[in-house]
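Spelled out, the chains give:
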Amino acid sequence: MPIRLYNSLTRSLEELQPLVPGKVTMYHCGPTVYSSPHIGNFRSFLFADVLRRFVEDQGYQVTQVMNVTDVGHLTLDDIEGGEDKLEAASRKTGRTAWDIARQYEAEFHECQQKLMVRLPHHMPRATDFIPQMGRIIDDLLQQGVAYQVNGNVYFAVARFPGYGKLSGKVLDELEAGARVAVNDEKQDPRDFALWKTDDKHQMQWDAPFRGGARGFPGWHIECSAMSMHYLGPQIDIHTGGEDNMFPHHECEIAQTEAHTHRRFVSIWMHARHLLVDGTKMSKSLGNFYTVADILQQGYTGLELRYTLIRVQYRQSLNFTQKGLDEARAAIARVQQCRQRLVRHRDGLERVGGDDLAGPAAQANAQFTAVMSDDLNVSEALAAVFDFVGVCNKAQPSAAGASAALAAFLRFEDVLGCFGPEPKPDATNEAPADLQLKLLARNGARRSKDWATADRLRDEIAAAGWKIVDAPTGARLEKA
Ligand SMILES: [Zn+2]
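So, here's what we can say about the structure. (Residues numbered from 1 in each chain as written. Predicted model: local features only at pLDDT ≥ 70, side-chain atom pairs only at ≥ 80, totals over all residues.)

## Overview of the overall build of the chain
Of the regular secondary structure elements, the chain holds 15 helices and 17 strands. For the chain, whose C-alpha radius of gyration is 25 Å, the value lies close to the compact-globule estimate of 23 Å for 479 residues. Along the first, second and third principal axes, the C-alpha atoms of the chain reach 80 × 50 × 35 Å. Each of the 479 residues in the chain was classed as buried or not, and the buried ones make up 44%. Across the chain, every contact between residues at least 6 apart in sequence was considered, and the portion connecting residues at least 24 apart equals 75%. (Helix = DSSP H or I, 4+ residues; strand = E, 2+ residues; numbered from the N terminus. Rg over C-alpha atoms; globule rule 2.2 N^0.38 Å. Buried ≥ 20, exposed ≤ 12 C-beta atoms within 10 Å, placed from the backbone. Contact = placed C-beta atoms within 7 Å.)

Take a look at the structure:
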């Protein structure tokens, strides 16, 4: 079945048709490593992960590159102004920009692991690609598409007619929205920096192009250099968050295509912003969560992953505590179903006559159809839960249980949000209805409704289980 994806550039659904049949190249704008990764960042990174997993599931050989921006990303990135984010963090903390970059890069990799991200094949650091950026800048200067003023190099937007084709932004809008003083060095307010000279900047290099001054690269040129290095001048899919579309991706297109004279990317994909409690996440509103914050509240990486992927990437996703609790219950429901199937397959339960191969094939087909339709994860989860319902009603034969379990392995391979196949003997898992009561009891305690919390605790106790409150969250144990 063809995979159809929404291309932000053409604003339409397009069939994935790789440049090289059978192989798909993907580039994802990665983290800027100046602070702890937050859940909004990870909505976009998990979307990229699910995309890769599904494309692989469909038989393609994928090569995935995600960069680490450790220099050059300015604090006002929508207008290319302000201070380098790493330098700003350094000034605030008194630590070196290099220290900060390495610390948060390590933390990012840790989060990837906790959220079950299949690691990209290459995760290059911008600071390791200065010579490659230099070669592109040199060529753009030679062509007259870039110019140098006082050691700063700018891309001349007026020389690239396609500028604005991705974001639809036009000159007037940019001028009207400018929040900083006009930069006199620029020939055109839209021009953006490829190289900046500044002797106070901690991360600085001799100019990697002819006739330049010591300095550091602009953010946009990094992605062009790293993408070209690993994947060649043209790639199949490029992703990012919707806030990357302008100016970052617009600038990537301009400088890359001016350099190669070829179409840079076939399909541009952008994940929508994450909302938290119905509004944009921000430190000042107190609804800003890092990945570590959520894990410290006692939720697992799997539960956070489920919460962040459950809505199709182009739809608004509202992140709430209730959503996390629902994720916990949903994962438990799938795992209990799988465990029962394991016991039937292994002859530990009285085997029935239901052959689940037909329903499994149907669930697989439905899953493929909705994932092929622009990665509709919400519909894919609906297909999984319909199948859970069928399995729970069945008295499966050993072969039937086996077929059903194979389908669950495939769903897990693509979504990665349920966990490994349960062991047949893990009987100390509390039933789903009690897990739900535990969640309700936690909610009651949070809202200081002690009477309800106590009632739910008693009901759980009456069923032979007790609540163990641990720093990692409450769990149920056999009483
Ligand atoms: Zn990028």
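## Topic: the pairing of strand 1 (residues 4-7)
Burial of strand 1 is one-sided: the residues L5 and N7 facing one way are buried, the residues R4 and Y6 facing the other way are not. Strand direction decides the pairing type here: strand 1 and strand 2 (residues 12-15), joined by four bridges, are antiparallel. Bridging across to strand 2, Y6 finds its partner in L13. Taking the residues between adjacent antiparallel strands as the criterion, strand 1 and strand 2 are bridged by four residues, where R11 takes a positive phi near 55 degrees. (Pairing = 2+ DSSP bridges.)

## Focus: the packing of helix 1 (residues 39-57) against helix 9 (residues 301-309)
Running from N to C, helix 1 and helix 9 point in directions that differ by 80 degrees, and their axes come no closer than 9 Å. In terms of their interaxial angle, helix 1 and helix 9 are classed as roughly perpendicular. Across the interface between the two elements, I39, F42, R43, L46 and V50 from helix 1 touch R305, L308 and I309 from helix 9. In terms of residue class, the contact of helix 1 with helix 9 is built from six nonpolar, no polar and two charged. (Axes fitted to C-alpha atoms, helices over the stretch in contact; angles between N-to-C directions. Parallel < 35°, antiparallel > 145°, perpendicular 65-115°, else oblique. Nonpolar A, V, L, I, M, F, W, Y, C, P; charged D, E, K, R; others polar.)

## Overview of the nonpolar core
Core analysis: the biggest nonpolar cluster contains 121 residues, and L46, V50, I137, F155, L194 and A404 have the highest contact counts within it. Here this core gets 10 residues from one element, more than from any other, and that element is helix 1. Each of domain 1 (22-271) and domain 2 (291-415) accounts for three or more of the residues forming this core. Listed in part, the six residues of the second largest apolar core include L438, L456, I460 and I467. (Core = buried A, V, L, I, M, F, W, Y, C linked by C-beta atoms within 7 Å. Domains from an automatic or database assignment.)

## Quick word on the sheet that holds strand 13 (residues 274-276)
With mixed pairing, the three strands of this open sheet are ordered in space as 14-13-15. In this open sheet, the two edge strands, each paired with only one partner strand, are strand 14 (279-280) and strand 15 (317-319). Here three bridges tie strand 13 to strand 15, and the two strands are oriented parallel to one another. In the sheet register, L275 faces strand 15, and the bridge partner there is N318.

## Digging into unusual backbone geometry
Each neighbour pair has its own omega, and for F246 with P247 the value is 0 degrees, a cis peptide bond. Tracing the chain through its elements places P247 in helix 7 (residues 245-260). Positive phi, normally seen in glycine, also occurs at R11, with a value near 55 degrees. Take R11: it is sitting in the loop between strand 1 and strand 2. One non-glycine residue with positive phi stands out, namely H261, at about 60 degrees. Tracing the sequence through the fold places H261 in the loop between helix 7 and strand 12 (265-271). For H261, a count of 8 C-beta atoms within 10 Å puts it in the exposed group.

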